[in-house]
Amino acid sequence: MIRRPVAWIVAVVLFGEALFFAAFNWFLGVVVDRQKMSLAGLDPEVMARSSKIGGVVFGLYFAFCALVALLVAVRDRQPAGLGRVLLISVAVVHGLLAAFAWGPIGPAAFFGLLVVLALIVLLLVSYDRPPRAPGRTGSDGGGDAPVSPGPAPTTP
């Protein structure tokens, strides 16, 4: 099946993105701090510190999402609960990053982010629903009941 390799690839890519985002924002914070740059009168130290904190927060977010994908790959089970929510949210983040990357960075970054988005969505939808136990009714009330009622009893 393709599920486990996709989960492994998503985990590796998200761990790489976690390192990249954390390192890049840390680098931007160092540059702002050393150059004493200011934007509209904001304190350069605050800007540098907030860039570093933002890099660490986003790096941890991507690392946690990568950990969820790694657990999916190791267990070979679909993500559930908070893990599923995290993977859906990281898919949305990649869609937004792709949309914003087209203009400033170019089509290569756009298509790269779309590939990662497609892998995350494939990871989310590649697992089938678990089979229901016999006799259990689902949310639609169908369960194992016949589609039409049986024949009416006859009276003698």
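Remember, predicted model here, so these are calculated numbers, not experimental data.

Criteria and cut-off values
Residues numbered from 1 in each chain as written. Predicted model: local features only at pLDDT ≥ 70, side-chain atom pairs only at ≥ 80, totals over all residues. Heavy atoms only, no water. Helix = DSSP H or I, 4+ residues; strand = E, 2+ residues; numbered from the N terminus. Contact = heavy atoms within 4.5 Å. Expected span 1.5 Å × (residues − 1). Buried < 20%, exposed > 50% of the residue type's maximum accessible area, 1.4 Å probe, protein only. Arc of directions from axis to C-beta. Core = buried A, V, L, I, M, F, W, Y, C linked by side-chain atoms within 4.5 Å.

K.L.:
Where do I start with the environment of Val93 in this structure?
P.N.:
Along the polypeptide, Val93 turns up in helix H3 (residues 82-101). For Val93, the residues in contact, after removing those within four places along its chain, are Tyr61 and Phe62.

K.L.:
What am I meant to see in unusual backbone geometry here?
P.N.:
Of all residues except glycine, most have a negative phi; of all peptide bonds, most are trans. For Asp76, which is not glycine, the phi torsion reads 55 degrees and is therefore positive. Tracing the sequence through the fold places Asp76 in the loop between helix H2 (44-75) and H3.

K.L.:
What is the right way to look at helix H4 (residues 107-125) in this model?
P.N.:
Note: α-helices contain 3.6 residues per turn, so residues at a spacing of three or four share the same orientation. Taking 1.5 Å per residue as the helical rise, H4 with its 19 residues ought to reach 27 Å, and the 26 Å between its terminal C-alpha atoms agrees with that figure. Those residues of H4 not exposed but buried are Phe110, Leu113, Val116, Leu117, Ile120, Leu123 and Leu124. Relative to the axis of H4, the buried residues are bounded by an arc of 150 degrees and lie together on one face. Opposite the buried face of H4, at more than 90 degrees from it, the exposed residues are Ala108, Val115 and Val125.

K.L.:
When you look at H3 in this model, what are you seeing that I'm missing?
P.N.:
Between its terminal C-alpha atoms H3 stretches 28 Å, which fits the 28 Å expected from 20 residues at 1.5 Å a residue. Check the buried side of H3 and you find it contacts helix H1 (3-35), H2 and H4.

K.L.:
Would you mind showing me how to read the nonpolar core here?
P.N.:
Across soluble globular proteins, nonpolar side chains show a tendency to be buried alongside one another. Formed by 23 residues in total, the largest nonpolar core has its most connected members in Val10, Leu14, Leu87, Val90, Ile120 and Leu123. Elements supplying a minimum of two residues to this core: H1, H2, H3 and H4. In terms of residues, this core owes the most to one element, H2, which gives seven residues. Apart from the residues lying within four places of it in its own chain, the contact partners of Val90 are Leu14, Tyr61, Phe62, Cys65 and Ile120.

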